[in-house]
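Structural description and commentary
Chain by chain, the residues:
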Amino acid sequence: MSLNDTVSAERVHIGFFGLRNAGKSSVVNAVTGQELAVVSDVKGTTTDPVRKAMELLPLGPVVIIDTPGIDDEGTLGEMRVKKARQVLNYTDIAVLVTDATKELSVTEKQLVELFGDKKIPYVVASNKSDLLESVPQGTENTIYISAKQNKNIYELKEMLARLVKDTESDKRIVADLIDEGDAVVLVVPIDSAAPKGRLILPQQQTIRDILETGGTSVVCRESELVNTLSMLSKKPKLIITDSQVFGKVSKDTPSDILLTSFSILFARFKGNLENAVKGAAQLDRLRDGDTVLISEGCTHHRQCDDIGTVKMPKWIENYTGKKLNFEFTSGREFPDDLLKYALVVHCGGCMLNEREMQYRARHSADCGVPMTNYGIAIAQMHGILKRSLEPFSEIKKLLDR
(Lines give C-alpha, C1' and ligand atoms only; values in the text may rest on other atoms or scores of the structure.)
Protein backbone atom coordinates (compact mmCIF):
# COMPACT_ATOMS: atom_id res chain seq x y z
CA MET A 1 0.00 0.00 0.00
CA SER A 2 1.34 3.44 -0.92
CA LEU A 3 1.11 6.59 1.18
CA ASN A 4 -1.34 7.94 -1.40
CA ASP A 5 -3.88 5.18 -0.84
CA THR A 6 -6.92 5.70 1.36
CA VAL A 7 -6.91 2.75 3.76
CA SER A 8 -10.11 0.75 4.13
CA ALA A 9 -10.53 1.79 7.78
CA GLU A 10 -10.74 5.45 6.71
CA ARG A 11 -13.11 4.87 3.77
CA VAL A 12 -16.86 5.34 4.13
CA HIS A 13 -18.41 1.89 4.54
CA ILE A 14 -21.67 1.50 2.58
CA GLY A 15 -23.67 -1.61 3.45
CA PHE A 16 -26.43 -3.03 1.20
CA PHE A 17 -29.17 -4.87 3.09
CA GLY A 18 -32.48 -6.47 2.17
CA LEU A 19 -34.57 -9.60 1.84
CA ARG A 20 -33.51 -12.51 -0.33
CA ASN A 21 -34.33 -11.96 -4.00
CA ALA A 22 -35.01 -8.23 -3.62
CA GLY A 23 -32.24 -7.82 -6.17
CA LYS A 24 -29.71 -6.58 -3.63
CA SER A 25 -26.68 -8.09 -5.35
CA SER A 26 -27.87 -6.81 -8.73
CA VAL A 27 -28.10 -3.31 -7.27
CA VAL A 28 -24.58 -3.62 -5.81
CA ASN A 29 -23.26 -4.62 -9.25
CA ALA A 30 -25.13 -1.76 -10.94
CA VAL A 31 -23.84 0.81 -8.45
CA THR A 32 -20.24 -0.37 -8.65
CA GLY A 33 -20.26 -1.13 -12.38
CA GLN A 34 -18.59 -4.45 -11.53
CA GLU A 35 -19.62 -8.06 -11.08
CA LEU A 36 -18.86 -7.69 -7.38
CA ALA A 37 -21.70 -9.88 -6.14
CA VAL A 38 -22.93 -13.21 -7.51
CA VAL A 39 -26.43 -12.83 -8.96
CA SER A 40 -28.90 -15.71 -9.13
CA ASP A 41 -32.65 -16.34 -9.03
CA VAL A 42 -32.00 -18.80 -6.21
CA LYS A 43 -32.78 -17.34 -2.80
CA GLY A 44 -29.82 -16.90 -0.46
CA THR A 45 -27.07 -16.81 -3.09
CA THR A 46 -25.09 -14.32 -0.98
CA THR A 47 -23.96 -16.42 1.98
CA ASP A 48 -21.36 -14.14 3.60
CA PRO A 49 -20.79 -10.38 3.56
CA VAL A 50 -18.75 -9.43 0.48
CA ARG A 51 -16.49 -6.36 0.90
CA LYS A 52 -14.75 -4.35 -1.79
CA ALA A 53 -12.67 -1.20 -1.36
CA MET A 54 -12.90 1.03 -4.43
CA GLU A 55 -13.00 4.52 -5.85
CA LEU A 56 -16.62 5.15 -6.79
CA LEU A 57 -17.62 8.40 -8.48
CA PRO A 58 -19.13 10.66 -7.32
CA LEU A 59 -18.66 9.15 -3.85
CA GLY A 60 -14.86 8.87 -3.71
CA PRO A 61 -12.98 6.13 -1.76
CA VAL A 62 -15.50 3.72 -0.21
CA VAL A 63 -15.93 0.15 0.98
CA ILE A 64 -19.00 -1.53 -0.55
CA ILE A 65 -20.52 -4.39 1.47
CA ASP A 66 -23.09 -6.84 0.08
CA THR A 67 -24.80 -8.80 2.86
CA PRO A 68 -26.81 -12.04 3.05
CA GLY A 69 -30.59 -11.78 2.95
CA ILE A 70 -31.92 -10.55 6.27
CA ASP A 71 -34.78 -13.10 6.06
CA ASP A 72 -32.65 -16.22 5.52
CA GLU A 73 -33.98 -19.41 7.12
CA GLY A 74 -32.73 -22.53 8.85
CA THR A 75 -29.68 -22.97 11.08
CA LEU A 76 -27.24 -21.72 8.43
CA GLY A 77 -29.65 -18.95 7.53
CA GLU A 78 -29.71 -17.72 11.13
CA MET A 79 -25.91 -17.55 11.09
CA ARG A 80 -26.01 -15.56 7.84
CA VAL A 81 -28.57 -13.14 9.27
CA LYS A 82 -26.36 -12.69 12.31
CA LYS A 83 -23.41 -11.85 10.07
CA ALA A 84 -25.55 -9.39 8.12
CA ARG A 85 -26.58 -7.64 11.34
CA GLN A 86 -22.97 -7.54 12.52
CA VAL A 87 -22.14 -5.52 9.41
CA LEU A 88 -24.26 -2.72 10.92
CA ASN A 89 -21.57 -2.28 13.58
CA TYR A 90 -19.23 -0.81 10.97
CA THR A 91 -21.67 0.55 8.38
CA ASP A 92 -21.45 4.32 7.90
CA ILE A 93 -24.27 4.48 5.35
CA ALA A 94 -26.94 1.81 4.77
CA VAL A 95 -28.87 1.00 1.60
CA LEU A 96 -32.05 -1.03 2.11
CA VAL A 97 -32.88 -2.69 -1.20
CA THR A 98 -36.59 -3.53 -1.45
CA ASP A 99 -38.87 -5.01 -4.11
CA ALA A 100 -40.96 -2.17 -5.62
CA THR A 101 -43.75 -4.63 -6.48
CA LYS A 102 -44.31 -5.49 -2.81
CA GLU A 103 -45.20 -3.68 0.39
CA LEU A 104 -42.47 -3.28 3.01
CA SER A 105 -42.36 -6.41 5.17
CA VAL A 106 -42.18 -6.40 8.96
CA THR A 107 -38.53 -7.46 8.72
CA GLU A 108 -37.71 -4.52 6.43
CA LYS A 109 -39.51 -2.07 8.71
CA GLN A 110 -37.55 -3.45 11.68
CA LEU A 111 -34.35 -2.95 9.73
CA VAL A 112 -35.23 0.71 9.11
CA GLU A 113 -35.87 1.11 12.84
CA LEU A 114 -32.49 -0.49 13.53
CA PHE A 115 -30.80 2.04 11.23
CA GLY A 116 -32.41 4.76 13.31
CA ASP A 117 -31.43 3.19 16.63
CA LYS A 118 -27.82 2.95 15.50
CA LYS A 119 -27.94 6.45 13.97
CA ILE A 120 -26.92 5.14 10.54
CA PRO A 121 -27.89 7.40 7.62
CA TYR A 122 -29.77 5.31 5.06
CA VAL A 123 -31.43 5.18 1.66
CA VAL A 124 -34.30 2.90 0.65
CA ALA A 125 -33.66 1.76 -2.93
CA SER A 126 -36.90 0.31 -4.27
CA ASN A 127 -35.71 -2.07 -6.98
CA LYS A 128 -37.60 -3.68 -9.89
CA SER A 129 -39.48 -0.44 -10.58
CA ASP A 130 -39.48 -1.45 -14.28
CA LEU A 131 -42.23 -3.92 -13.37
CA LEU A 132 -44.58 -1.16 -12.15
CA GLU A 133 -47.20 0.37 -14.39
CA SER A 134 -46.69 3.72 -12.69
CA VAL A 135 -43.54 4.60 -10.75
CA PRO A 136 -44.25 6.63 -7.60
CA GLN A 137 -42.29 9.76 -6.77
CA GLY A 138 -39.39 9.12 -4.43
CA THR A 139 -38.86 10.89 -1.10
CA GLU A 140 -35.86 12.42 0.64
CA ASN A 141 -34.40 9.00 1.42
CA THR A 142 -36.37 6.71 -0.93
CA ILE A 143 -35.66 6.22 -4.64
CA TYR A 144 -37.24 3.91 -7.21
CA ILE A 145 -34.64 2.13 -9.31
CA SER A 146 -34.19 -0.76 -11.71
CA ALA A 147 -30.89 -2.60 -11.59
CA LYS A 148 -31.97 -4.59 -14.66
CA GLN A 149 -32.46 -1.43 -16.78
CA ASN A 150 -29.86 0.67 -14.93
CA LYS A 151 -32.63 3.15 -14.16
CA ASN A 152 -31.93 5.84 -11.53
CA ILE A 153 -28.67 4.14 -10.52
CA TYR A 154 -26.72 7.36 -11.03
CA GLU A 155 -29.35 9.23 -8.98
CA LEU A 156 -28.95 6.63 -6.21
CA LYS A 157 -25.19 7.26 -6.22
CA GLU A 158 -25.85 11.00 -6.01
CA MET A 159 -28.02 10.42 -2.90
CA LEU A 160 -25.26 8.34 -1.36
CA ALA A 161 -22.65 10.98 -2.23
CA ARG A 162 -24.63 13.58 -0.28
CA LEU A 163 -24.74 11.27 2.74
CA VAL A 164 -21.00 10.56 2.37
CA LYS A 165 -20.33 14.30 2.49
CA ASP A 166 -22.40 14.59 5.67
CA THR A 167 -20.40 11.79 7.37
CA GLU A 168 -16.94 13.08 6.46
CA SER A 169 -14.76 14.05 9.43
CA ASP A 170 -12.03 16.65 9.62
CA LYS A 171 -10.29 14.84 12.48
CA ARG A 172 -6.55 14.32 12.10
CA ILE A 173 -4.16 11.82 13.65
CA VAL A 174 -1.49 14.25 14.76
CA ALA A 175 -1.70 17.36 12.54
CA ASP A 176 -3.66 19.39 15.09
CA LEU A 177 -0.91 18.85 17.67
CA ILE A 178 1.93 20.31 15.60
CA ASP A 179 2.66 23.38 13.53
CA GLU A 180 4.28 23.83 10.15
CA GLY A 181 8.04 23.39 10.50
CA ASP A 182 7.82 21.23 13.64
CA ALA A 183 9.87 18.03 13.84
CA VAL A 184 8.30 14.80 15.08
CA VAL A 185 10.37 11.74 15.95
CA LEU A 186 8.74 8.35 15.30
CA VAL A 187 10.22 5.41 17.19
CA VAL A 188 9.74 2.20 15.23
CA PRO A 189 11.12 -1.12 16.54
CA ILE A 190 12.45 -3.53 13.92
CA ASP A 191 12.03 -7.01 15.37
CA SER A 192 10.68 -10.39 14.30
CA ALA A 193 7.10 -9.08 14.52
CA ALA A 194 7.78 -6.14 12.19
CA PRO A 195 6.66 -6.71 8.58
CA LYS A 196 9.67 -7.26 6.34
CA GLY A 197 10.44 -4.35 4.05
CA ARG A 198 7.66 -2.00 5.11
CA LEU A 199 6.16 0.08 7.89
CA ILE A 200 2.88 -0.89 9.52
CA LEU A 201 -0.28 1.08 8.78
CA PRO A 202 -0.36 3.47 11.80
CA GLN A 203 3.22 4.51 11.09
CA GLN A 204 2.46 5.19 7.41
CA GLN A 205 -0.67 7.19 8.22
CA THR A 206 1.08 9.25 10.88
CA ILE A 207 3.98 10.10 8.57
CA ARG A 208 1.52 11.20 5.88
CA ASP A 209 -0.38 13.40 8.36
CA ILE A 210 2.87 15.07 9.48
CA LEU A 211 3.93 15.72 5.88
CA GLU A 212 0.57 17.24 4.99
CA THR A 213 0.98 19.70 7.86
CA GLY A 214 4.37 20.85 6.64
CA GLY A 215 6.16 19.14 9.51
CA THR A 216 9.25 16.95 9.38
CA SER A 217 9.13 13.30 10.41
CA VAL A 218 12.29 11.63 11.69
CA VAL A 219 12.13 7.84 12.03
CA CYS A 220 14.46 5.75 14.17
CA ARG A 221 14.61 2.56 16.23
CA GLU A 222 14.39 2.70 20.01
CA SER A 223 18.10 1.89 20.28
CA GLU A 224 18.95 4.99 18.21
CA LEU A 225 16.67 7.55 19.89
CA VAL A 226 19.31 9.17 22.10
CA ASN A 227 21.72 9.56 19.19
CA THR A 228 18.93 10.83 16.93
CA LEU A 229 17.95 13.54 19.41
CA SER A 230 21.58 14.63 19.76
CA MET A 231 21.86 15.09 15.98
CA LEU A 232 18.80 17.32 15.69
CA SER A 233 19.59 21.04 15.73
CA LYS A 234 16.01 21.77 16.79
CA LYS A 235 14.15 20.11 19.64
CA PRO A 236 11.29 17.97 18.28
CA LYS A 237 7.75 19.00 19.16
CA LEU A 238 6.69 15.42 19.84
CA ILE A 239 7.99 11.85 20.05
CA ILE A 240 5.62 9.06 19.03
CA THR A 241 6.60 5.51 19.90
CA ASP A 242 5.43 2.00 19.27
CA SER A 243 3.79 0.85 22.51
CA GLN A 244 6.05 -2.18 22.88
CA VAL A 245 9.05 0.02 23.71
CA PHE A 246 7.17 2.69 25.66
CA GLY A 247 9.18 2.19 28.85
CA LYS A 248 12.60 2.52 27.25
CA VAL A 249 11.59 5.44 25.07
CA SER A 250 10.16 7.28 28.07
CA LYS A 251 13.48 6.95 29.91
CA ASP A 252 15.40 8.22 26.87
CA THR A 253 13.07 11.16 26.17
CA PRO A 254 13.91 14.44 27.97
CA SER A 255 11.11 15.70 30.20
CA ASP A 256 10.67 18.87 28.13
CA ILE A 257 9.68 16.90 24.99
CA LEU A 258 6.11 15.65 24.61
CA LEU A 259 5.75 11.88 24.34
CA THR A 260 2.90 9.59 23.30
CA SER A 261 2.31 6.37 21.34
CA PHE A 262 0.74 5.40 18.03
CA SER A 263 -1.87 3.38 19.91
CA ILE A 264 -2.91 6.38 22.00
CA LEU A 265 -3.08 8.62 18.93
CA PHE A 266 -5.38 6.15 17.21
CA ALA A 267 -7.63 5.80 20.25
CA ARG A 268 -8.09 9.55 20.04
CA PHE A 269 -8.54 9.44 16.26
CA LYS A 270 -11.27 6.79 16.60
CA GLY A 271 -13.02 8.74 19.37
CA ASN A 272 -12.32 6.27 22.22
CA LEU A 273 -9.46 7.88 24.14
CA GLU A 274 -11.37 9.13 27.16
CA ASN A 275 -13.06 5.79 27.85
CA ALA A 276 -9.81 3.91 27.25
CA VAL A 277 -8.02 6.10 29.81
CA LYS A 278 -10.75 5.40 32.36
CA GLY A 279 -10.62 1.68 31.54
CA ALA A 280 -6.88 1.48 32.30
CA ALA A 281 -7.65 1.93 36.01
CA GLN A 282 -9.20 -1.55 35.96
CA LEU A 283 -5.70 -3.03 35.74
CA ASP A 284 -5.26 -2.15 39.41
CA ARG A 285 -8.55 -3.85 40.34
CA LEU A 286 -8.01 -7.25 38.72
CA ARG A 287 -8.25 -10.27 41.01
CA ASP A 288 -7.03 -13.87 40.83
CA GLY A 289 -9.16 -15.86 38.40
CA ASP A 290 -10.41 -12.85 36.40
CA THR A 291 -10.61 -13.23 32.62
CA VAL A 292 -9.17 -10.55 30.35
CA LEU A 293 -10.14 -10.29 26.68
CA ILE A 294 -7.37 -9.12 24.36
CA SER A 295 -8.78 -8.07 21.01
CA GLU A 296 -7.05 -7.09 17.78
CA GLY A 297 -8.63 -5.57 14.70
CA CYS A 298 -6.28 -7.24 12.24
CA THR A 299 -5.59 -10.90 11.48
CA HIS A 300 -1.82 -10.86 10.98
CA HIS A 301 0.30 -13.99 11.26
CA ARG A 302 1.18 -14.59 14.92
CA GLN A 303 4.86 -14.49 15.82
CA CYS A 304 6.48 -16.22 18.79
CA ASP A 305 6.71 -12.86 20.59
CA ASP A 306 3.36 -11.49 19.39
CA ILE A 307 2.32 -8.46 21.43
CA GLY A 308 -1.34 -9.44 21.80
CA THR A 309 -1.13 -13.13 22.60
CA VAL A 310 2.28 -13.32 24.28
CA LYS A 311 3.69 -10.03 25.53
CA MET A 312 0.52 -8.35 26.78
CA PRO A 313 -0.65 -11.25 28.99
CA LYS A 314 2.83 -11.54 30.50
CA TRP A 315 3.06 -7.80 31.17
CA ILE A 316 -0.39 -7.69 32.76
CA GLU A 317 0.30 -10.66 35.05
CA ASN A 318 3.69 -9.23 36.07
CA TYR A 319 2.11 -5.85 36.81
CA THR A 320 -0.89 -7.14 38.74
CA GLY A 321 0.77 -10.12 40.43
CA LYS A 322 -2.48 -12.03 39.83
CA LYS A 323 -3.22 -15.37 38.17
CA LEU A 324 -5.45 -14.39 35.27
CA ASN A 325 -7.18 -16.06 32.35
CA PHE A 326 -6.79 -14.59 28.87
CA GLU A 327 -8.93 -14.97 25.78
CA PHE A 328 -8.22 -13.53 22.33
CA THR A 329 -10.16 -12.31 19.31
CA SER A 330 -8.98 -10.84 16.02
CA GLY A 331 -10.37 -9.23 12.90
CA ARG A 332 -14.14 -8.72 12.85
CA GLU A 333 -14.64 -11.10 15.77
CA PHE A 334 -15.88 -9.43 18.94
CA PRO A 335 -18.07 -11.26 21.48
CA ASP A 336 -21.73 -10.35 21.88
CA ASP A 337 -21.54 -11.46 25.51
CA LEU A 338 -18.79 -9.72 27.47
CA LEU A 339 -20.12 -10.36 30.96
CA LYS A 340 -17.49 -12.99 31.81
CA TYR A 341 -14.64 -10.53 31.25
CA ALA A 342 -13.18 -8.22 33.88
CA LEU A 343 -11.38 -6.09 31.28
CA VAL A 344 -11.08 -5.69 27.51
CA VAL A 345 -7.67 -4.63 26.17
CA HIS A 346 -7.94 -3.62 22.52
CA CYS A 347 -5.34 -2.77 19.91
CA GLY A 348 -5.23 0.73 18.45
CA GLY A 349 -7.82 -0.28 15.85
CA CYS A 350 -6.02 1.03 12.77
CA MET A 351 -7.70 -1.66 10.62
CA LEU A 352 -11.21 -0.91 11.96
CA ASN A 353 -13.24 2.13 11.06
CA GLU A 354 -14.36 4.67 13.65
CA ARG A 355 -17.93 3.38 13.81
CA GLU A 356 -16.83 -0.16 14.67
CA MET A 357 -14.35 0.99 17.32
CA GLN A 358 -17.04 3.15 18.91
CA TYR A 359 -19.49 0.25 18.77
CA ARG A 360 -17.02 -1.97 20.63
CA ALA A 361 -16.44 0.71 23.26
CA ARG A 362 -20.20 1.28 23.71
CA HIS A 363 -20.92 -2.44 23.80
CA SER A 364 -18.28 -2.94 26.50
CA ALA A 365 -19.72 -0.06 28.50
CA ASP A 366 -23.26 -1.44 28.12
CA CYS A 367 -22.01 -4.76 29.52
CA GLY A 368 -20.32 -2.95 32.41
CA VAL A 369 -16.86 -4.10 31.31
CA PRO A 370 -14.02 -1.52 31.26
CA MET A 371 -12.14 -1.30 27.97
CA THR A 372 -8.68 0.14 27.38
CA ASN A 373 -6.09 -0.23 24.63
CA TYR A 374 -2.53 -1.47 24.25
CA GLY A 375 -0.72 1.86 24.47
CA ILE A 376 -2.73 3.17 27.39
CA ALA A 377 -2.45 -0.11 29.30
CA ILE A 378 1.32 -0.21 28.75
CA ALA A 379 1.69 3.43 29.81
CA GLN A 380 -0.34 2.70 32.95
CA MET A 381 1.84 -0.31 33.79
CA HIS A 382 5.03 1.76 33.31
CA GLY A 383 3.70 4.61 35.42
CA ILE A 384 3.88 7.05 32.49
CA LEU A 385 0.21 7.38 31.56
CA LYS A 386 -0.04 10.99 32.67
CA ARG A 387 3.07 11.89 30.70
CA SER A 388 1.80 10.12 27.57
CA LEU A 389 -1.39 12.19 27.67
CA GLU A 390 0.38 15.56 27.99
CA PRO A 391 -0.15 16.39 24.29
CA PHE A 392 -3.93 16.15 24.71
CA SER A 393 -5.16 18.96 26.94
CA GLU A 394 -8.78 17.77 26.81
CA ILE A 395 -7.85 14.29 28.15
CA LYS A 396 -5.12 15.27 30.58
CA LYS A 397 -7.78 16.89 32.78
CA LEU A 398 -9.10 13.39 33.56
CA LEU A 399 -5.92 12.56 35.47
CA ASP A 400 -5.78 15.94 37.19
CA ARG A 401 -9.12 15.46 38.91
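See the structure shown above.
Residue numbering note: each chain is counted from 1, following its sequence as written. Restriction of local features to residues with pLDDT of at least 70 applies here, the model being predicted, together with a cutoff of 80 or more for giving and counting side-chain atom pairs; totals for whole chains, interfaces and linings are based on all residues. Note that water and hydrogens are dropped before the side-chain values are worked out from all heavy atoms of the structure.

Attention now moves to the overall build of the chain. Counting from the N terminus, the helices are the DSSP runs of H or I reaching at least four residues and the strands are the DSSP runs of E reaching at least two. In terms of regular secondary structure, the chain is built from 14 helices and 14 strands. The burial tally for the chain puts 53% of its 401 residues in the buried class. Here a residue-residue contact requires only that any non-hydrogen atoms of the pair lie within 4.5 Å. Taking all contacts inside the chain whose residues are at least 6 apart in sequence as the whole, residues at least 24 apart take part in 70%. Here the chain displays about 19,200 Å² of accessible surface, and carbon together with sulfur accounts for 48% of that area. Think of it in three bands: with a 1.4 Å probe and only protein chains considered, a residue is buried below 20% of the maximum accessible area for its type, exposed above 50%, and partly exposed in between. The Shrake-Rupley method, run with a 1.4 Å probe sphere, supplies the accessible areas, and residue values consider only the shown protein chains as cover.

A word on the pairing of strand β11 (residues 291-295). Taking burial as the measure, the five residues of β11 include five buried ones, the bulk of the element. Covered by surrounding structure in β11 are Thr 291, Leu 293 and Ser 295 together with Val 292 and Ile 294, the residues of both alternating faces. Note: two strands are recorded as paired if DSSP finds a minimum of 2 bridges between them. Both β11 and strand β12 (residues 325-329) contribute to a ladder of five bridges, which runs parallel. Along β12, the bridge assignment pairs Ile 294 with Phe 328. Across four bridges, the pairing between β11 and strand β13 (residues 343-346) is parallel. Within β13, the position partnered with Ser 295 by the bridge is His 346.

Computed over the protein atoms alone on a 1 Å grid, cavities are sets of points where a 1.4 Å probe fits but cannot get out and pockets are open sets with protein on both sides within 12 Å along at least five of seven lines; a residue lines them when it has an atom within 4 Å of a point. Grid points are joined across faces, edges and corners, and a volume is the space filled by probe spheres set on the points. Summed over the entire model, instances satisfying the criterion amount to one cavity of 30 Å³ or more. Of the pockets and cavities examined, the largest cavity occupies roughly 40 Å³. Lining the largest cavity, in full, are Leu 88, Asn 89, Lys 118, Arg 355, Tyr 359 and Arg 362. When residues are grouped by polarity, Ala, Val, Leu, Ile, Met, Phe, Trp, Tyr, Cys and Pro land in nonpolar, Asp, Glu, Lys and Arg in charged, and all others, Gly among them, in polar. Its residues placed into classes, the lining of the largest cavity shows two nonpolar, one polar and three charged.

Moving on: the sheet that holds strand β3 (residues 60-66). By way of backbone hydrogen bonds, the strands of a sheet pair with one another, either parallel or antiparallel. Ordered by their spatial adjacency, six strands build an open sheet running β2-β3-β1-β4-β5-β6, and the pairing between neighbours is mixed. Unpaired on one side and paired on the other, β2 (50-56) and β6 (142-144) mark the two borders of the sheet. Across this sheet, the average inter-strand angle for adjacent strands is 25°, counted without regard to direction. Two strands pair when backbone bridges link them, and β2 and β3 are joined in this way by seven bridges, in the antiparallel orientation. Axis definition: a line fitted to C-alpha atoms, limited for helices to the stretch in contact. Angles are taken between N-to-C directions and run from 0 to 180 degrees.

For the rest of this paragraph, the subject is the packing of aromatic side chains. Under the pairing criterion, centres of Phe, Tyr and Trp rings, with the six-membered ring standing for Trp, must be within 6.5 Å; the plane angle then separates stacked pairs below 30 degrees from edge-to-face pairs above 60, leaving the rest tilted. Considering all chains together, one arrives at three aromatic pairs under this definition. With 5.4 Å between their ring centres and 40° between their planes, Phe 115 and Tyr 122 make a pair best called tilted. Given the relative accessible area of 0%, Phe 115 is considered buried. Where Phe 266 meets Phe 269, the ring centres are 6.0 Å apart and the plane angle is 80°; that geometry is what we call edge-to-face. Of this pair, Phe 266 and Phe 269 both sit in helix α8 (residues 262-269), three residues apart, roughly one helical turn. Each member of the pair, Phe 266 as well as Phe 269, carries the same accessibility label: buried. A network of ring pairs unites the aromatic residues Phe 17, Phe 115 and Tyr 122 as a single cluster.

Glancing now at the side chain of Asp 290. Residue position: Asp 290 is located in the loop between α9 (273-280) and β11. Here the positive residues are Lys and Arg and the negative ones are Asp and Glu; neither His nor the chain ends is included. Every case where a carboxyl oxygen of Asp or Glu lies within 4 Å of a side-chain nitrogen of Lys or Arg is listed as a salt bridge. Notably, Asp 290 is buried but unbridged: the nearest opposite-charge side chain belongs to Arg 287, and the N-O separation is 4.3 Å.

Another aspect to go through is the sheet that holds β12. Spatially, the four strands line up as an open sheet ordered β12-β11-β13-β14, and their pairing is parallel. The open sheet has two free edges, formed respectively by β12 and β14 (371-373), since each of these has just one partner strand. The mean angle between the axes of side-by-side strands here comes to 25°, regardless of whether they run parallel or antiparallel. When β13 meets β14, the two strands line up parallel, connected through three bridges. Note on β14: the bridge partner recorded for His 346 is Asn 373. Lying on the sheet, α9 is in contact with β13 and β14; it crosses β14 at an angle near 100°.

The subject of this paragraph is unusual backbone geometry. A cis geometry characterises the amide bond from Leu 57 onward to Pro 58, with omega recorded as 0°. At Lys 119, a position not held by glycine, the phi torsion is positive, near 55°. Residue classification places Lys 119 among the exposed positions, given a relative accessible area of 67%. Despite not being glycine, Asn 152 shows a phi value in the positive range, around 65°. Structurally, Asn 152 is set in the loop between β6 and α4 (153-167). Here Asn 152 falls in the partly exposed class, since its relative accessible area comes to 26%.

What follows covers the packing of α8 against helix α12 (residues 374-381). Two numbers describe how α8 lies on α12: the axes approach to 7 Å, and their chain directions differ by 130°. By the criterion of interaxial angle, the relationship of α8 to α12 is oblique. The two elements α8 and α12 meet at a crossing, and its hand is left-handed. In this structure, α8 contributes Ser 263, Ile 264 and Ala 267 to the contact, and α12 contributes Tyr 374, Gly 375 and Ile 376. A per-class count over the contact of α8 with α12 returns four nonpolar, two polar and no charged. We call two directions roughly parallel when the angle between them is under 35 degrees, roughly antiparallel when it is over 145, roughly perpendicular when it lies between 65 and 115, and oblique otherwise. In this scheme the crossing of two helices becomes right-handed for a clockwise turn of the near helix relative to the far one and left-handed for an anticlockwise turn of less than a right angle.

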